[in-house]
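If you want the building blocks of each chain, they are given just below.
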Amino acid sequence: MDKIKNFHVLDHPLIQHKLTIIRDENCGTREFREVVNEIAELMVYEVSRDMPLEEVEIKTPVSKTTQKRLAGKKVVVAPILRAGIGMVDGVLELIPSAKVGHIGMYRDEETLKPHEYFVKMPDQLEDREIIVVDPMLATGGSAIMAVDALKKRGAKRIKFVCLVAAPEGVEVFAKAHSDVEIYAASLDDCLNEDGYIVPGLGDAGDRLFGTK
Ligand code: URA
């Protein structure tokens, strides 16, 4: 895949190590859930690197001082249902004051196109940084529609964080929303004929929630 300006792989050793744990088909639901959140937490440390700061005057036990704190309205973490929920707690570990908005998509059985069925977001989206989370960026269809849904509601500063991305999905998503920075723990090989990422980790929702 050619270099795409708004796509970033966060290949930190801890992230790669943890990703290998959850890729293994023998990793059970409990461990899968825990490690997905751990990876989300590590990723959001990098993803938040450019968050704006403002100066604030405080008094330490020793003296007055001007220091920095996060500026602006509270961040929003926005999971794409259902699997995105598996990354929310990890993000909240590092940004505990974040608000959580939910984006529900279903796939039309005939057209195979995603449709939005539920979007519940905090107010003043236009003034907030929004971190959309979904473990798998496969065809890119639901990621594109999720960002469409947020922009329709006024969102302007959106980042997308996934664990595993397929080149096919990255290309269409990055082109459809070139203003959205996309972060993945891994860029995998391809999609198979059933729409699964290869080597991937299987169905992220089923593995997180113990369903089949
Ligand atoms: N969604 C998943 O959960 N897994 C894939 O491999 C592709 C889409």
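Residues numbered from 1 in each chain as written. Predicted model: local features only at pLDDT ≥ 70, side-chain atom pairs only at ≥ 80, totals over all residues. Heavy atoms only, no water.

Enquirer: Would you mind showing me how to read a nonpolar patch on the surface here?
Expert: Residues Met1, Val9 and Leu187 make up a contiguous nonpolar surface patch of roughly 230 Å² in combined accessible area. Here Met1 is to be found in the segment before strand 1 (7–9). According to the relative accessible area criterion, Met1 is partly exposed, its value standing at 44%. (Patch = residues over 30% accessible without salt bridge, like charges linked within 9 Å, V, L, I, M, F, W, Y side chains within 5 Å. Areas by Shrake-Rupley, 256 points an atom, 1.4 Å probe, with all protein chains shown as cover. Salt bridge = Lys/Arg side-chain N within 4 Å of Asp/Glu carboxyl O. Helix = DSSP H or I, 4+ residues; strand = E, 2+ residues; numbered from the N terminus. Buried < 20%, exposed > 50% of the residue type's maximum accessible area, 1.4 Å probe, protein only.)

Enquirer: What's the story with helix 2 (residues 29–47) in this structure? I'm lost.
Expert: Because each turn of an α-helix spans 3.6 residues, side chains separated by three or four positions in sequence point in the same direction. For helix 2, built from 19 residues, the straight-helix expectation of 27 Å at 1.5 Å per residue is met to within 8% by its first-to-last C-alpha distance of 26 Å. Burial in helix 2 covers these residues: Phe32, Val35, Val36, Asn37, Ile39, Ala40, Met43, Val44 and Val47. Next to the buried residues of helix 2 lie helix 1 (13–23), helix 3 (85–94), strand 8 (129–133), strand 10 (157–165), strand 11 (181–187) and helix 6 (204–209). (Expected span 1.5 Å × (residues − 1). Contact = heavy atoms within 4.5 Å.)

Enquirer: Just checking my understanding: could you explain the environment of Phe32 for this structure?
Expert: Mapping Phe32 onto the fold places it in helix 2. On the basis of relative accessibility, which here comes to 1%, the residue Phe32 falls in the buried class. In this structure, Phe32 is in contact with Ile22, Cys27, Leu201, Ala204, Arg207 and Leu208, ignoring residues within four places of it in sequence.

Enquirer: Can you walk me through the UniProt feature "binding site: 5-phospho-alpha-D-ribose 1-diphosphate" (unreviewed entry) in the protein chain in this structure?
Expert: With numbering matched to this structure, UniProt assigns "binding site: 5-phospho-alpha-D-ribose 1-diphosphate" (unreviewed entry) to Arg82, Arg107, Asp134, Pro135, Met136, Leu137, Ala138, Thr139, Gly140, Gly141, Ser142 and Asp203. Along the chain, Arg107 turns up in strand 6 (residues 102–107). What makes Met136 buried here is its relative accessible area of 17%. Setting aside anything within four residues of it in sequence, one finds Met136 in contact with Cys162, Val164, Ile197, Leu201, Gly202 and Ala204. (UniProt positions renumbered as here; feature names shortened; annotations may be inferred.)

Enquirer: Can you help me understand the pattern of salt bridges in this one?
Expert: Opposite charge on two side chains permits pairing when their charged atoms draw close. In the structure shown here, the tally under the stated rule is 14 salt bridges. Across the pair Lys151 and Asp179 runs a salt bridge, and its minimum N-O distance is 2.8 Å. Linking Lys151 in helix 4 (residues 141–152) with Asp179 in the loop between helix 5 (167–176) and strand 11, this pair joins segments that are 28 residues apart in sequence. The partly exposed category is assigned to Lys151, whose relative accessible area is 29%. Counted as one network, the salt bridges with shared partners bring together Asp50, Glu129, Arg157 and Lys159.

Enquirer: Explain the site of the ligand here, please?
Expert: In the region of the ligand, the neighbouring residues are Met136, Ala138, Gly195, Tyr196, Ile197, Gly202, Asp203 and Ala204. Gly202 has a polar backbone atom sitting 2.7 Å from a nitrogen atom of the ligand. One nitrogen or oxygen atom from the main chain of Ala204 is found 2.8 Å from an oxygen atom belonging to the ligand. A total of 240 Å² of accessible area belongs to the ligand in isolation, and the protein chains cover 82% of it. For the shell around the ligand, a count of residues per class yields 5 nonpolar, 2 polar and 1 charged. (Near = heavy atom within 4 Å. Polar contact = N/O pair within 3.5 Å; in protein donor to acceptor, adjacent residues only side chain to side chain. Nonpolar A, V, L, I, M, F, W, Y, C, P; charged D, E, K, R; others polar.)

Enquirer: So what exactly am I meant to see when it comes to the pairing of strand 11 here?
Expert: Regular strands show a simple pattern: their side chains alternate between the two faces of the sheet. Most of strand 11 is tucked away, with 5 of its 7 residues classed as buried. In terms of strand pairing, strand 1 meets strand 11 through 3 bridges, oriented parallel. Directly across from His8, in strand 11, lies its bridge partner Tyr183. In terms of strand pairing, strand 10 meets strand 11 through 6 bridges, oriented parallel. Bridge pairing in strand 11 links Cys162 to Ala184. For the crossover that starts at strand 10, traverses helix 5 and ends in the parallel strand 11, the hand is right-handed. (Pairing = 2+ DSSP bridges. Right-handed = clockwise from strand over helix to strand, strands pointing away.)

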